[in-house]
Amino acid sequence: MKLVLRSGLSWCICAEQAVVADLARDRYLCLPASLDRAFQRWAAGSDIGADAEQALVEAGILEPGDGARGACAWYRRPRHDHPAEAARTGQWRFTLSAVIGQLRARFWLRHRTMADIVARLARERRCTPRKAQSEARARQLVAAFGTSSTLLRAADQCLPRAIAAWRLCRRGGIDAALILGVRLDPFAAHSWVQAGDAVLVGDYERARLYTPILVLR
């Protein structure tokens, strides 16, 4: 029986431990030590034996299926914040789009699971033609979200900010990734948008402390 990562899960190795994001249930999981070792060996392609496989199936981590096993999430480490555009006439349009996008994302997060939201974003990604990255547009977007933080409460709102920013990146032809990251001891999660090694929205000084567990490009 071939086993794959259960649908709706993504994972990463953080502080040498596997952390799993269950998008359908909007929660993060750290496996018990014995299951963690078995899962990491399975993910590396090793034979872990029928008993360990069955334990991971019963834990809701693996399921029968075809295709790839389900790779560990990865994205290049950020190195700096992306510079912002200096204030200029017409910037209010970008700021208004940033505010509306965040309010819409907040509504989604109150009424939908993260799995539903990721599925919608994936559909938008497929329907949006990729364009050449616009440096000027990226600077405008960074400035717009900086201004919007004075209009909307930004504390504990990194996920709706990141969702809104990523959607505007797609529309503006900016090649960027929406990243959800985690850290341990104590556990915390953070979300940001990154283009290359520059953080557009989400603060480099925070983002660098987290390990990506879900990457949407």
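Our structure's up above, just so we're on the same page.
Note that the structure is predicted; figures quoted are calculated from it, not measured.

Regarding the packing of aromatic side chains
Under the definition given, this model contains 3 aromatic pairs. Seen in terms of ring centroids, Trp-11 and Phe-39 are 4.9 Å apart; in terms of plane orientation they differ by 80 degrees. Their pairing is edge-to-face. A residue pair is termed long-range when its members are at least 10 positions apart, and Trp-11 in strand β2 (residues 9-14) and Phe-39 in helix α1 (residues 33-43) qualify at 28 residues. When sorted by exposure, Trp-11 lands in the same class as Phe-39, which is buried. An aromatic cluster is present here, built from Trp-11, Phe-39 and Trp-42 joined pairwise through their rings. The residue whose ring lies beneath Arg-183 is Tyr-210, and the NZ or CZ to ring-centre distance is 5.8 Å.

Describing the pairing of strand β7 (residues 177-183)
Across the 7 residues of β7, 6 count as buried, placing the element largely inside the fold. Pairing between β7 and strand β8 (residues 188-195): 7 bridges, direction antiparallel. In the strand pairing of β8, Gly-181 is matched with His-190. What sits between β7 and β8 in their antiparallel hairpin is a turn of 4 residues, with Asp-185 showing a positive phi close to 55 degrees. Here β7 runs beside strand β10 (residues 211-216); their pairing, made up of 5 bridges, is antiparallel.

Some details on the state of the cysteines
Scanning all chains against the criterion turns up 0 disulfides. Cys-30 takes part in no disulfide bond, and the closest cysteine sulfur to it belongs to Cys-14, at a distance of 8.0 Å. Assessed through its relative accessible area of 38%, Cys-30 is described here as partly exposed. Unpaired in this structure, Cys-169 has its nearest cysteine sulfur neighbour in Cys-158, at a distance of 16 Å.

Some remarks on a nonpolar patch on the surface
There is a patch of nonpolar side chains on the surface, built from Trp-92, Leu-96 and Ile-100 and spanning about 320 Å² of accessible area. Looking at the element boundaries, Trp-92 is found in helix α3 (residues 91-111).

Quick notes on the pattern of salt bridges
One pass over the full model with this rule turns up 7 salt bridges. Residues Glu-124 and Arg-167 are paired through a salt bridge, measuring 2.9 Å at the closest nitrogen-oxygen approach. Here the residue Glu-124 occupies a position in helix α4 (residues 114-127), and Arg-167 occupies one in helix α6 (residues 158-172), the gap between them amounting to 43 residues. A salt bridge links Arg-139 to Glu-135, with the nearest nitrogen and oxygen atoms 3.4 Å apart. In this pair, Arg-139 and Glu-135 are both assigned in helix α5 (residues 135-151), 4 residues apart and thus about one turn of the helix distant. For Arg-139, a relative accessible area of 29% corresponds to the partly exposed category. With a relative accessible area of 39%, Glu-135 lands in the partly exposed category. Salt bridges linked by common partners bring Arg-6, Asp-22 and Arg-25 together as one network.

Considerations on the packing of α5 against α6
Interaxial distance between α5 and α6 falls to 11 Å at its minimum, and their mutual angle equals 155 degrees. When the axes of α5 and α6 are compared, the pair comes out roughly antiparallel. The element α5 and its partner α6 pack so that their crossing is right-handed. Across from Arg-137, Leu-141, Phe-145, Ser-148 and Ser-149 in α5, the residues of α6 making contact are Arg-161, Ala-164, Ala-165, Leu-168, Cys-169 and Gly-172. Looking at side-chain class alone, the contact of α5 with α6 contains 6 nonpolar, 3 polar and 2 charged residues.

A look at the sheet that holds β2
Here 3 strands make up an open sheet; going across it, the order is β2-β3-β4 and the pairing antiparallel. Pairing within the sheet leaves two strands with one partner each, and these edge strands are β2 and β4 (27-30). Pairwise comparison of adjacent strand axes, ignoring direction, gives a mean angle of 25 degrees for this sheet. Where β2 and strand β3 (residues 17-22) come together, 6 bridges link them in antiparallel fashion. Looking at the pairing, Ile-13 lines up with Ala-18 of β3. Sitting on the sheet, α1 touches β2 and β3, and the angle it makes with β3 is about 85 degrees.

Scoring rules and cut-offs
- Residues numbered from 1 in each chain as written.
- Predicted model: local features only at pLDDT ≥ 70, side-chain atom pairs only at ≥ 80, totals over all residues.
- Heavy atoms only, no water.
- Phe/Tyr/Trp six-rings, centres within 6.5 Å; stacked < 30°, edge-to-face > 60°.
- Helix = DSSP H or I, 4+ residues; strand = E, 2+ residues; numbered from the N terminus.
- Buried < 20%, exposed > 50% of the residue type's maximum accessible area, 1.4 Å probe, protein only.
- Lys NZ or Arg CZ within 6 Å of the ring centre and 35° of its normal.
- Pairing = 2+ DSSP bridges.
- Disulfide = S-S within 2.5 Å.
- Patch = residues over 30% accessible without salt bridge, like charges linked within 9 Å, V, L, I, M, F, W, Y side chains within 5 Å.
- Areas by Shrake-Rupley, 256 points an atom, 1.4 Å probe, with all protein chains shown as cover.
- Salt bridge = Lys/Arg side-chain N within 4 Å of Asp/Glu carboxyl O.
- Axes fitted to C-alpha atoms, helices over the stretch in contact; angles between N-to-C directions.
- Parallel < 35°, antiparallel > 145°, perpendicular 65-115°, else oblique.
- Left-handed = near helix turned anticlockwise from the far one by under 90°.
- Contact = heavy atoms within 4.5 Å.
- Nonpolar A, V, L, I, M, F, W, Y, C, P; charged D, E, K, R; others polar.

Read these as layout, nothing more, since geometry by itself doesn't imply function.
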